[in-house]
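Listed here are the chains, written in short residue letters.
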Amino acid sequence: MKIIVAGTGFVGLTHAAVCSEYGHEVYAYDVDTKRIAAYKSAEREQIEHYVNEPGLAEIIAENIDRYLFFTTDVASIIEGTDAIFMCLPTPPKANGSTDLSYYTDATHHLAGLLAKRQDQRRVVMINKSTVPVGTARMLETILKEHNVPNIGIASNPEFLPEGDAVERSRRPDRIVVGADSEADFSIMRRIYSQFVNHVRIRYIETTPETAEAIKYVANTLLLTYISFWNGVGARLGETFPNVRMEDLKRGVTSDNRISTWGSYVSNGAGGSCFGKDIQSLIFQLKTAGQPADLLQSVYNINEYQKTYLIDRAISEAGVSFNHKSVALLGLSFKQRTNDMRDSSSLKVVESLLARGVREIRAYDPLAIHEAKRYFSPENNHLFEKISYHESVKEALQGTDMLFISTDWEEFRGLSRTIEQNVQPPYLVIDGRRMIPDYQELTTRGFGYIAVGSPYYAPVGTAPETEAAVSAQ
Ligand SMILES: NC(=O)c1ccc[n+]([C@@H]2O[C@H](COP(=O)([O-])OP(=O)(O)OC[C@H]3O[C@@H](n4cnc5c(N)ncnc54)[C@H](O)[C@@H]3O)[C@@H](O)[C@H]2O)c1
């Protein structure tokens with residue numbers, strides 16, 4: 001099959017690369033010339049500057065100029081195309097609705113070219129981005145306006161998780177295809193031939209609208225489950241002495257109807273999808289006159305989680321952040337990615353700076369480059385207070401407290417490193433419950449506060465507020 005992938009971000013680049021592995025002739029197209037030049041170089045460092053996913057650079061190096069081609073000139077590749085996957089940004093607007101301008105611009109452009117193509121073979125234009133219910137229909141209207149012959153529309157939402165994008169694209173749980181005609185389903189089956197009739201992977205054919213809805217329901221359900229643990233599990237662990245989060249989680253998720261995935265408690269879920277998709281679904285329902293209270297609560301709980309530990313540090317541990325030096329471990333929204341979109345660390349930095357910290361000493365194994373873009377002093381002079389470091393040890397130097405924001409494996413069980421590099425009085429604020437042996441710390445004079453636990457004051461020190469509970 002000859003496939004065009006429009007938009008080569010996380011979704012588009014991964015999809016293009018994995019499709020090329022199946023022997024399709026894949027043309028990955030983007031308007032960003034620097035991005036395309038980086039991919040064309042096939043050099044790992046250049047590719048990972050844009051999309052840092054394990055295994056992706058290798059697939060590109062293997063298939064480039066054989067099955068995988070990169071271009072900014074879509075007009076030159078339009079002839080003979082079977083399918084165009086739209087992998088474009090769908091960012092949220094201020095009111096929560098989805099900005100579809102990238103979609104409409106690209107569709108008008110492509111429709112103009114498709115209308116003039118010489119060959120008359122059937123083409124399917126496929127939404128892979130997460131788009132509001134009814135967007136495929138909107139695409140159809142644009143294609144009709146341009147009198148594009150022999151064209152169909154389909155919705156084929158993407159479910160890949162960042163950090164594991166390649167593996168999960170090669171072995172997805174399901175492929176969902178929404179289309180209107182057998183001709184279009186048939187093209188889609190040829191593209192995904194290795195997944196049709198697969199013993200484990202579910203291949204689901206439905207209407208475009210259902211496919212669009214499946215993506216929103218799946219994402220908001222995942223965030224609802226995460227927020228249930230944050231909004232209920234964490235609150236129980238923080239309120240009632242001797243409620244142990246890890247045991248609570250094991251006890252509840254031993255029921256095989258209840259997922260272990262998402263049963264952790266944290267300083268909020270970030271990433272490019274959860275926040276934007278739930279806001280979009282709330283908007284879609286409200287616009288249709290439907291209540292969306294459950295989803296609104298889920299969104300609010302998730303936002304609350306991002307910085308509430310800073311407030312707890314003040315109210316329970318009695319600390320002041322003014323003029324303090326804070327080590328910040330983790331900038332990406334989760335481990336194994338450099339992506340900082342909607343990361344909790346953005347809110348943590350904002351909150352720390354607003355509370356007058358003297359400096360933030362940040363470390364992340366992958367996201368420093370991204371962070372420098374987000375925290376450019378040109379946008380806000382307060383970002384000058386952020387310095388970037390090469391290791392946990394270096395970030396800790398001279399700090400008064402530590403905030404752990406991302407669940408990178410190398411942040412797990414850091415009590416010894418902390419003890420060896422900083423002196424009490426010192427407060428560890430743990431947004432990911434990465435220090436199971438926190439008692440080691442408290443017996444050596446450190447304070448510890450985590451999502452899902454009460455404040456543990458240094459042993460032998462009276463708690464500074466009534467709410468605080470000593471580790472003794
Ligand atoms: N990132 C994820 O983990 C993930 C997972 C599932 C679904 N999605 C959805 O997939 C969509 C894309 O997400 P992403 O993270 O890949 O976005 P992204 O921002 O990383 O990439 C989008 C790309 O589209 C390009 N682009 C913009 N306008 C264009 C045009 N007119 N023609 C060609 N290219 C154009 C941009 O230059 C950019 O490279 C979104 O709707 C997102 O919600 C994302």
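As the structure is a prediction and not an experimental result, all values here were calculated from the model. (Residues numbered from 1 in each chain as written. Predicted model: local features only at pLDDT ≥ 70, side-chain atom pairs only at ≥ 80, totals over all residues. Heavy atoms only, no water.)

### Thoughts on the site of the ligand
Then, number 1: The local shell around the ligand holds 26 residues, among which Val11, Asp30, Thr90, Glu162 and Lys276 are the closest.
Then, number 2: Separating an oxygen atom of the ligand from a side-chain N or O atom of arginine 35 is a distance of 3.1 Å.
Then, number 3: Measuring from an oxygen atom of the ligand, one finds a backbone N or O atom of threonine 130 at 3.0 Å.
Then, number 4: Taken by itself the ligand offers 830 Å² of open surface, and the protein chains cover 89% of this.
Then, number 5: Broken down by class, the residue content of the shell around the ligand amounts to eleven nonpolar, seven polar and eight charged.
Then, number 6: Both domain 1 (2-206) and domain 2 (212-472) contribute no fewer than three residues apiece to the shell around the ligand. (Near = heavy atom within 4 Å. Polar contact = N/O pair within 3.5 Å; in protein donor to acceptor, adjacent residues only side chain to side chain. Areas by Shrake-Rupley, 256 points an atom, 1.4 Å probe, with all protein chains shown as cover. Nonpolar A, V, L, I, M, F, W, Y, C, P; charged D, E, K, R; others polar. Domains from an automatic or database assignment.)

### Thoughts on empty space enclosed by the protein
Then, number 1: On inspection of all chains with the given rule, the structure shows one cavity of 30 Å³ or more.
Then, number 2: A volume near 40 Å³ is recorded for the largest cavity.
Then, number 3: Surrounding the largest cavity, Asn127, Ser129, Thr130, Val131, Ser155, Pro157, Ala211, Glu212 and Lys215 form its lining.
Then, number 4: Per-element tally for the lining of the largest cavity: the top contributor is helix α9 (residues 208-239), with three residues.
Then, number 5: Counted by class, the lining of the largest cavity contains three nonpolar, four polar and two charged residues. (1 Å grid on protein atoms, 1.4 Å probe; cavity = no way out; pocket = protein on both sides within 12 Å on 5 of 7 lines; lining within 4 Å. Points joined across faces, edges and corners; volume = space filled by probe spheres on them. Helix = DSSP H or I, 4+ residues; strand = E, 2+ residues; numbered from the N terminus.)

### Here's the deal with helix α2 (residues 33-41)
Then, number 1: When α2 is considered as a whole, its buried residues turn out to be Arg35, Ile36, Ala38 and Tyr39. All buried residues of α2 project into a common sector of 160° when viewed along the axis, lining one side. Exposed residues on α2 whose side chains face more than 90 degrees from its buried face are Thr33, Lys34 and Lys40.
Then, number 2: The distance from a side-chain oxygen at the start of α2 to the backbone nitrogen of lysine 34 is 3.2 Å, and the residue carrying that oxygen is aspartate 32.
Then, number 3: With its phi angle positive at about 60°, alanine 42 sits one or two positions after the end of α2. (Buried < 20%, exposed > 50% of the residue type's maximum accessible area, 1.4 Å probe, protein only. Arc of directions from axis to C-beta.)

### Quick look at the packing of aromatic side chains
Then, number 1: Tallied over the full model, the rule gives 13 aromatic pairs.
Then, number 2: With centroids separated by 6.1 Å and ring planes inclined at 75°, the aromatic side chains of tyrosine 39 and tyrosine 50 adopt a geometry described as edge-to-face. Here tyrosine 50 lies in helix α3 (residues 44-50) and tyrosine 39 lies in helix α2, a separation of eleven residues in the sequence.
Then, number 3: Arranged with centres 5.2 Å apart and planes meeting at 35°, the rings of tyrosine 304 and tyrosine 308 form a pair that is tilted. One end of the pair is tyrosine 304 and the other is tyrosine 308, both in helix α12 (residues 293-315) and four residues apart, which spans about a single turn.
Then, number 4: Overall, the relative accessible area of 47% leaves tyrosine 304 in the partly exposed class.
Then, number 5: For tyrosine 308, a relative accessible area of 2% corresponds to the buried category.
Then, number 6: The structure contains a cluster of three or more aromatic residues connected by ring pairs, namely Tyr22, Phe85, Tyr192 and Phe195. (Phe/Tyr/Trp six-rings, centres within 6.5 Å; stacked < 30°, edge-to-face > 60°.)

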